[in-house]
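Next come the chains, spelled out residue by residue.
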Amino acid sequence: MIKIAPSILAADFANLERDVRRAAAADYLHVDVMDGLFVPNISIGVPVVECVRKVTALPLDVHLMIDRPVRYAMRFCQAGADIVTVHVEADSAENIREALNIVHGQGKRAGVVLKPGTPAEAALPFLEVCDIVLVMTVEPGFGGQKFMADMMPKLRQLRSWIDRDNPACELEVDGGIDPVTCRTAIENGASVLVAGSSVYKADDISRRIQELRGQDGGPFAL
Ligand code: DX5
Ligand code: ZN
């Protein structure tokens, strides 16, 4: 079953509790943390994760778009993250491994993220210890960008390595997912879809979440 992770980056931050609750039909809640260094934008930090934790039972999928995430892995776990993902581009392999260890040491799920320009091979050294691998289908930093279909060969490659080496590992995509591009991502091996704009711009968010799973019963149903 395909999991949907609405990104609260597209929520109304002045009504964050309302918008978190509106996504209750989802599987995870995706939280985009940006530091203005690793990506050219600043978004959500530890205090917001603590507050969101109090108003939802959904697992919090915290996507750290920050430089040297090993510095903050522990704090986001303590703030209530259930899944923490770190970019392989953000530090040395040794420190990325250490960040994953910290997350696992807190009893949480951990994974690596690849920017569009980063090859699938960059995930290989971490694959056996990952609970999730996230393939960016936009340049990280902003919501509302166009889905990069040219990431699909990378997604398929990772799907084959995951099936071979660590089949329990989830394969997530993030960026430009809507009721059409979700099908492309699912066909190419994704098991978790992050969606910001397409969820929060929908009139009926629960129905949109079902649509993104490919289970709406309509013409696009798988
Ligand atoms: C981009 C973020 C995404 C973003 C996706 O850096 O990682 O999670 O919120 O937004 P949409 O779904 O609008 O592309
Ligand atoms: Zn994200």
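Our subject is the structure that appears above.
Given the structure is predicted, the values throughout are model-derived calculations rather than measurements.

Colleague: Which parts of the structure should I look at to understand helix α8 (residues 205-212)?
Modeller: Since the α-helix turns once every 3.6 residues, residues separated by three or four places project in the same direction. Among all positions of α8, only Ile205, Ile209, Glu211 and Leu212 are buried. Taken around the axis of α8, the buried residues stretch over an arc of 160 degrees, which confines them to a single face. Buried residues along α8 sit against β1 (3-6), α1 (16-22), α6 (181-187), β8 (192-195) and α7 (197-200). Its side-chain oxygen placed 3.3 Å from the backbone nitrogen of Ser206, Asp204 serves as the N-cap of α8. Directly beyond the C-terminal end of α8, a positive phi value near 75 degrees is found at Gly214.

Colleague: Any chance you could explain the pairing of strand β6 (residues 132-136) here in plain terms?
Modeller: Of all five residues making up β6, five are buried, and the element is well covered by its neighbours. Side-chain alternation along β6 places Ile132, Leu134 and Met136 on one buried face and Val133 and Val135 on a second face that is also buried. Pairing between strand β5 (residues 109-114) and β6: four bridges, direction parallel. In the strand pairing of β6, Gly111 is matched with Ile132. As defined by bridge partners, β6 adjoins strand β7 (residues 170-174) across five bridges and the pair is classed as parallel. The residue of β7 that forms the bridge with Ile132 is Glu170. Taken together, β6, helix α5 (residues 152-165) and β7 form a β-α-β motif whose crossover is right-handed.

Conventions we followed
- Residues numbered from 1 in each chain as written.
- Chains lettered and ligands numbered in written order.
- Predicted model: local features only at pLDDT ≥ 70, side-chain atom pairs only at ≥ 80, totals over all residues.
- Heavy atoms only, no water.
- Buried < 20%, exposed > 50% of the residue type's maximum accessible area, 1.4 Å probe, protein only.
- Helix = DSSP H or I, 4+ residues; strand = E, 2+ residues; numbered from the N terminus.
- Arc of directions from axis to C-beta.
- Contact = heavy atoms within 4.5 Å.
- Polar contact = N/O pair within 3.5 Å; in protein donor to acceptor, adjacent residues only side chain to side chain.
- Pairing = 2+ DSSP bridges.
- Right-handed = clockwise from strand over helix to strand, strands pointing away.

Read these as layout, nothing more, since geometry by itself doesn't imply function.
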